[in-house]
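Per-entry structural report
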Amino acid sequence: MRKGVYLIPNSLTLMGTTCGFYSILATLDKNWEHAAWAILFATIFDALDGWVARLTNAGSRFGVQLDSLSDLLTFCVAPAILLYSWKLHACDRVGWAVTLFFILCGALRLARFNVQSDTVESRNFTGLPTPGAAICMASGVLVFIKYQIEFEALGYILTGLMFLVDILMVSNIRYVSAKEYLMMKRKPFWMLVLFAAIVFLIYLNPPVMLFTGSIVYILSGLMEEAGRLIRHKPRPVPVPPFVQK
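What comes next concerns the included structure. Quick caveat: nothing in here was measured; it's all calculated off a predicted structure.

Once that is clear, we can look at the overall build of the protein chain. Within the protein chain, the regular secondary structure consists of nine helices and two strands. Helices and strands in the protein chain line up, N terminus first, as α-α-α-α-β-α-α-β-α-α-α. A total of 245 residues make up the protein chain; the buried ones form 45% of that total. In the protein chain, 85% of the contacts between residues at least 6 apart in sequence involve partners at least 24 apart. When the accessible surface of the protein chain is split by element, carbon and sulfur atoms take 71% of a total near 13500 Å².

Here is the structure:
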């Protein structure tokens, strides 16, 4: 710490933390949409801090720890409070228990990442990353509000979805790290076309596309794991890279 800390990537991390805090305040004011959007904007800062740290060679153990503490607030506590205050409080003890479990699983997921940050495979996460879980929950809130989707069992369906996400965060299922592919120096032309198409689709309808994309991402890990089990193929042995969550 005598040499100081890297200002730009850690400032981006703190901006994400600010979004998480604002989301909690918006939830307390029952402004569900602002709370959900704040979480989604925080994911942008979460992606930028790691990208800037690598681009400027400013990665540090301090930044990794700060990033995890920020993620605990922004992608674990804030979404749990939002979902519980918006809909899951109607499920009584079940809703309370699942939202608490979301926070606990997120904390365990982040702690495991910190321990394994020097040994996990660089292009894959072990378990669903907390930003992915938060995107699923926050964009889901926006979709249900925008299209006024409301029925008696909605709270229990959301409870089931959140419980699935909880389990996936602490599972050993592998999920692809998009950051690693974006940091590759050379990329095929089709990746540029695909990236432009994704940006265009998100621009057309951000809540729906983000919610759909998060569900596809969740299913991708489950499908890969199912295929591995069917083929009786062992998980690859992790190699020690430099990784950012």
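Counting residues in each nonpolar core, the largest one holds 44 residues, and the members touching the most others are Leu82, Leu83, Phe102, Leu128, Met137 and Val165. Elements supplying a minimum of two residues to this core: α1 (7-28), α2 (32-55), α3 (61-86), α4 (93-116), α5 (130-146), α6 (154-169) and α9 (206-230). It is α5 that provides the largest number of residues to this core, a total of nine residues. For Phe102, the contacting residues outside a window of four places in its chain are Phe75, Cys76, Pro79, Ala80, Ala133, Met137, Met162, Val165, Asp166 and Met169.

The end-to-end C-alpha distance of α6, which contains 16 residues, comes to 23 Å, matching closely the 22 Å that a straight helix rising 1.5 Å per residue would cover. Within α6 the residues assigned to the buried category are Leu154, Gly155, Leu158, Thr159, Leu161, Met162, Val165, Asp166, Leu168 and Met169. Each element contacted by the buried residues of α6 is listed here: α3, α4, β1 (124-126), α5, β2 (174-176) and α9.

This next bit is on the packing of aromatic side chains. Applying the stated rule across the entire model yields five aromatic pairs. Relative to Phe41, the ring of Trp37 has its centre 6.2 Å away and its plane inclined at 40°; by these criteria the two rings are tilted. Linking Trp37 with Phe41, this pair stays in helix α2, spanning four residues, or about one helical turn. Judged by its relative accessible area of 28%, Trp37 is partly exposed. On the numbers, 5.9 Å between centres and 25° between planes, the contact of Phe101 with Phe163 is stacked. With Phe101 in helix α4 and Phe163 in helix α6, this pair connects stretches of sequence that are 62 residues apart. Phe163 gets classed as partly exposed once you look at its relative accessible area, which sits at 40%. Lying across the ring of Trp86, Lys87 places its NZ or CZ 5.2 Å from the centre.

Turning next to unusual backbone geometry. One non-glycine residue, Lys30, lies in positive phi territory at about 60°. Turning to its location among the elements, Lys30 is positioned in the loop between α1 and α2. Residue Lys30 is classed as exposed on the basis of its relative accessible area of 60%. In this structure, Asp92 is a non-glycine residue whose phi angle is positive, near 60°. By the element assignment, Asp92 lies in the loop between α3 and α4.

Bringing the pattern of salt bridges into the picture now. Inspection of every chain in the model, using the stated rule, returns three salt bridges. For Lys87, the salt bridge is made with Glu150, and the minimal N-O distance between the two is 2.7 Å. Here Glu150 lies in the loop between α5 and α6 and Lys87 lies in the loop between α3 and α4, a separation of 63 residues in the sequence. When its relative accessible area of 14% is taken as the criterion, Lys87 is described as buried. On the basis of relative accessibility, which here comes to 53%, the residue Glu150 falls in the exposed class. With its nearest N and O atoms 3.1 Å apart, the salt bridge here joins Arg174 to Glu224. With Arg174 in strand β2 and Glu224 in helix α9, this residue pair connects regions lying 50 residues apart in the sequence.

Calculation criteria
- Sequence positions are assigned chain by chain, starting from 1 and proceeding in written order.
- In keeping with the model being predicted, local features are shown solely for residues with a pLDDT of at least 70 and side-chain atom pairs are shown and tallied solely at 80 or more, while totals for entire chains, interfaces and linings include all residues.
- Neither water nor hydrogens contribute to the side-chain values; these are computed over all heavy atoms in the structure.
- Helix and strand assignments come from DSSP, with helices taken as H or I runs of at least 4 residues and strands as E runs of at least 2, each series counted from the N terminus.
- Any residue under 20% of the maximum accessible area for its type is buried, any over 50% is exposed, and the rest in between are partly exposed; the area is computed with a 1.4 Å probe on protein chains only.
- Contact definition: two residues touch when any of their heavy atoms are within 4.5 Å.
- Accessible areas in this description were obtained via Shrake-Rupley with a 1.4 Å probe; residue shielding takes into account the shown protein chains only.
- Throughout this description, the term nonpolar core refers to a set of buried Ala, Val, Leu, Ile, Met, Phe, Trp, Tyr and Cys residues connected via side-chain atoms within 4.5 Å.
- A helix is expected to span 1.5 Å multiplied by its residue count minus one.
- Only rings of Phe, Tyr and Trp enter the pairing, Trp through its six-membered ring, and a pair is recorded when the two centres are within 6.5 Å. The plane angle decides the type: under 30 degrees is stacked, over 60 is edge-to-face, the rest tilted.
- Put simply, a charge is over a ring when the Lys NZ or the Arg CZ is close to the ring centre, within 6 Å, and near the line of the ring normal, within 35 degrees.
- We define a salt bridge as a side-chain nitrogen of Lys or Arg found within 4 Å of a carboxyl oxygen belonging to Asp or Glu.

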